[in-house]
Amino acid sequence: MNINHQNGFYCGIACGTVCSSLTIFYLYYLNKKSNTPPSSSTVYGDNYEEFEYAGNKLLKWITNYRENIANEAPVISIVKPNYLTKMLPKIAPKTPESWDLIFSDLDSAILPGLTNWESNKKFFAYFKPHSSYPAVLGEMLCAGINVMGFDWIASPACTELEVIVLDWLADFLHLPKQFYNVSNGPGGSVIQGSAGESAIVAFLAAIVKKQNQNNNNDASKTYRENMVVFASDQTHAIVTKACMVLGIGHCHIIETNDSYHHYALDPSSLEQAIESEIALGRVPLVVVATTGTTSSCAFDNLIDISTISKKYECWLHVDAAYGGAYACIPELAPLFNGLSEVDSFVVNCHKKLLCPFDICAMYVSDRKPILTALSLQPEYLRNSASESGAVVDYEHWQLPLGRRFRALKLWFVMRRYGKDGLLKHIQDSLDHSAYFEDLLLCRGKSTNNTNTNTNNPDDIFELVVPVSLSLVCFRLKNVTEEQQQKLLNNIKNTGDCFIIHTKLNKQIVLRLACGGIEQSNDDIKYAYNVILKEGKKILNM
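Predicted, not measured: the structure shown is a model, and the values here were computed from it. (Residues numbered from 1 in each chain as written. Predicted model: local features only at pLDDT ≥ 70, side-chain atom pairs only at ≥ 80, totals over all residues. Heavy atoms only, no water.)

The subject of this paragraph is the sheet that holds strand β4 (residues 227–232). If you walk across this open sheet you meet the seven strands as β3-β9-β8-β7-β6-β4-β5, and the pairing is mixed. The outermost strands of the open sheet, each flanked by one partner alone, are β3 (188–192) and β5 (250–254). The sheet shows a mean angle of 20 degrees between the axes of neighbouring strands, taken without regard to direction. The pairing of β3 with strand β9 (residues 360–364) spans five bridges and is classified as antiparallel. Along β9, the bridge assignment pairs Q192 with C360. (Pairing = 2+ DSSP bridges. Helix = DSSP H or I, 4+ residues; strand = E, 2+ residues; numbered from the N terminus. Axes fitted to C-alpha atoms, helices over the stretch in contact; angles between N-to-C directions.)

A separate point is the packing of aromatic side chains. For any pair of aromatic rings, geometry is given as the distance between the ring centres together with the angle between the planes. Across all of its chains, the model carries 17 aromatic pairs by this definition. Ring geometry for Y126 and F498: centres 5.7 Å apart, planes at 90 degrees, overall edge-to-face. Pair noted here: Y126 is in the loop between α3 (99–110) and α4 (133–145) and F498 is in the loop between α14 (481–493) and β12 (500–504), with a separation of 372 residues, a long-range link. Seen in terms of ring centroids, F179 and Y363 are 6.1 Å apart; in terms of plane orientation they differ by 55 degrees. Their pairing is tilted. Residue F179 is located in the loop between α5 (156–172) and β3, and its partner Y363 is located in strand β9; the two are separated by 184 residues in the primary sequence. Take F179: its relative accessible area is 0%, and that puts it in the buried class. Through successive ring pairs, a cluster of aromatic residues spans W117, F123, Y126 and F498. The side chain of R66 reaches across the aromatic face of Y133, ending 4.6 Å from its centre. (Phe/Tyr/Trp six-rings, centres within 6.5 Å; stacked < 30°, edge-to-face > 60°. Buried < 20%, exposed > 50% of the residue type's maximum accessible area, 1.4 Å probe, protein only. Lys NZ or Arg CZ within 6 Å of the ring centre and 35° of its normal.)

On to the nonpolar core, then. Core analysis: the biggest nonpolar cluster contains 72 residues, and L169, F172, L270, F345 and Y363 have the highest contact counts within it. At nine residues, helix α13 (residues 407–440) tops the list of elements feeding residues into this core. When sequence neighbours within four positions are dropped, the list of residues in contact with F345 reads L175, F179, V318, A320, G324, L339, A361, M362 and Y363. Among the nonpolar cores identified, the runner-up in size contains 35 residues, and A195, V229, V286 and A321 belong to it. (Core = buried A, V, L, I, M, F, W, Y, C linked by side-chain atoms within 4.5 Å. Contact = heavy atoms within 4.5 Å.)

This is the structure:
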């Protein structure tokens, strides 16, 4: 498309005089607009002046929250269950209330009940989310224009921007060409709400593909109750839930251990599991591999796993919800070898790619099984554009009908940061985790000016697995499981650091995830000092 960058607006050449006239009118309106406070509303809800007044106030509230409150308040809310029911009325107000009153309640009632995910110096739990300011504005615009882009004609820009921006992301992540929308192959991509939704869609496509391959030769092979999904014990629980939702009879969980690539899925164990299910008369359906597991950020070997999946005609689904964003780092490319052989690949843009929830990029090597599984065309949605076959109708790629203009968030991010800015953000998180590792292991802090930490009183922690991406898994040395749990609880209770735990080899492991967009080494040092102080208390030091 030919684009004219004039007066800060995108005006398609094809729009001609109409777009130019709208642009001139809007600029004139902005120049003439008064900055005086809005008059009292004469209708229920807001007129445009009240909306702008409240919107400006809300933007200031958000920036103050993120820049100040989130870092000053306790990171974990200390309210008691049902606190809000005691503060708010039991029924909605009969008459309209002022924005000043609403903002007052926001401060007094809602703020105390927040766990502050946007705290860059205190929040290190789960996988640190990254909701950048450009993406927040994209979310606002999505709600403001309020299109329902279920098919192309419902809002062509909604569909076409999604097609384009997902190819931008594929390029940024160095994904194989079969995942591109502009490729000549059968693959493509779509924005889903989450990795969990994506798993359900992928598994359903796999069921339909398996049933079509059977050609009614053996009815038992088409029964969902007889099908099996294979995953490791480090795979996210969304896989089990997807099986529950779809009525897939068996989810075979394969045990992992530290000896094989630090809790990655062992391909030989996978093949044994598949053979055992076949011996029971069951039908292998899907293999789930993970690039960056939740517990320890382990990476499954996609090359070996894809070979086994093809051998047994299994759909290979790769959950890269967190780790997929790191495919942009050239040095980490070997971790993603084998992507060209997988059937579906998902990465959550709301985990590392600076977008707020919910935006999950799902790539497939062949879109036909998804379309076969989910296409439905009632009479009231029929239109000439769809029937021409020249457009994408994303309603057939997902579970619901309606869909939001979520591509705006990623579009804003990729334009405001550029590929270089995104790359730096992701590289910074690697540097932060390396810095925390150095602090934890007392590197450079020896009291006797040697490389040994034997005499260092701060040498009280140990790594459980090697640091992977921005995740550090560690334990307090030489203590019981009860003391390990007590340390975790005490850290949380300070209100100054939020980390969570997992279990590896049936032992409690503390996990700290670095990498917020505003995060610095000073923030890492702040968290380390909180953890060190509480660790020494456990050891009576």
